[in-house]
Amino acid sequence: MRSGSDPRQNARGAVRQTRPLYTAEEQRRRDQTPWTMVQGLLAPFQFVVFLVSVTLVLRCLLTGDGAFAADLSVIAKTLTLYTIMVTGSIWEKVVFGKWLFAPAFFWEDVVSMLVIALHTAYLVMLLGHFGTLEARLTVALAAYLTYVVNAAQFLLKLRAARLQAQMLKGAAA
């Protein structure tokens, strides 16, 4: 292998060590806890709620129709988000021993906090009658854009975990 061809090399040429996403013990806890299944069911459900809601929000912004449906859908998305965040923090505590910000999911949790903040800002605007309908729905869209970034983070992390598992199986064979 020629110098510089290892993608793990840093600018100085030293190979950086990549920490596996899960230790053997963390993987065992992940596989045994029912919270893994809960997360596996809630994540796609939240995505479906998101798709319906983003459609209703865009329809309302573009046509002026369906404000009540758009608001209701954002409330549903927010409640789904809160549910997945609470159960996700329980999962993280079981698997990693920390309620949030475990090293393996630190940046995903940081962005999740921004997603929660934006959804919560929407609720404050709605319930406190702050701002216009357009301003409130724009906050919802900002929350949704951030949610898409966060979902991509998690999907990439899951892909990395699968690749890691395949490499470990290949190395053991």
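Refer to the structure presented above.
Heads up: these notes are all about the structure in this document.

Rules behind the numbers
- Residues numbered from 1 in each chain as written.
- Predicted model: local features only at pLDDT ≥ 70, side-chain atom pairs only at ≥ 80, totals over all residues.
- Heavy atoms only, no water.
- Core = buried A, V, L, I, M, F, W, Y, C linked by side-chain atoms within 4.5 Å.
- Buried < 20%, exposed > 50% of the residue type's maximum accessible area, 1.4 Å probe, protein only.
- Helix = DSSP H or I, 4+ residues; strand = E, 2+ residues; numbered from the N terminus.
- Contact = heavy atoms within 4.5 Å.
- Axes fitted to C-alpha atoms, helices over the stretch in contact; angles between N-to-C directions.
- Parallel < 35°, antiparallel > 145°, perpendicular 65-115°, else oblique.
- Left-handed = near helix turned anticlockwise from the far one by under 90°.
- Nonpolar A, V, L, I, M, F, W, Y, C, P; charged D, E, K, R; others polar.

**Focus: the nonpolar core**
Working step 1: Ranked by size, the top nonpolar core spans 21 residues in total, and within it Val 74, Leu 81, Tyr 122, Leu 137 and Tyr 144 carry the most contacts.
Working step 2: Elements supplying a minimum of two residues to this core: helix 2 (34-63), helix 3 (67-96), helix 4 (106-128) and helix 5 (133-172).
Working step 3: Of the residues forming this core, the biggest block, 6 residues, is contributed by helix 4.
Working step 4: Those residues in contact with Tyr 122 that lie beyond four places of it in its chain are Ala 70, Asp 71, Val 74, Arg 136, Leu 137, Val 139 and Ala 140.

**Considering the side chain of Asn 150**
Working step 1: Considering the arrangement of structural elements, one finds Asn 150 in helix 5.
Working step 2: For Asn 150, a relative accessible area of 7% puts it in the buried group.

**Observations concerning the environment of Ala 142**
Working step 1: Relative to the elements of secondary structure, Ala 142 occurs in helix 5.
Working step 2: Through-space distance from the C-alpha of Ala 142 to that of Val 115 is 8.7 Å; in sequence the pair is 27 residues apart.

**Topic: the packing of helix 1 (residues 24-32) against helix 3**
Working step 1: Following both chains from N to C, one finds helix 1 and helix 3 inclined at 140°, their axes separated by 8 Å at the closest point. Comparing the axis directions of helix 1 and helix 3 gives the class oblique. Along the contact surface, helix 1 presents Glu 26, Arg 29 and Arg 30, while helix 3 presents Trp 91, Val 94, Val 95 and Phe 96.

**Here we look at the packing of helix 2 against helix 3**
Working step 1: For the pair helix 2 and helix 3, interaxial distance at closest approach is 8 Å and the crossing angle is 160°. One way to sum up the angle between helix 2 and helix 3 is to call them roughly antiparallel. Helix 3 is crossed by helix 2, and the crossing has left-handed handedness.
Working step 2: Tallied by class, the residues present in the contact of helix 2 with helix 3 amount to 20 nonpolar, 9 polar and 1 charged.

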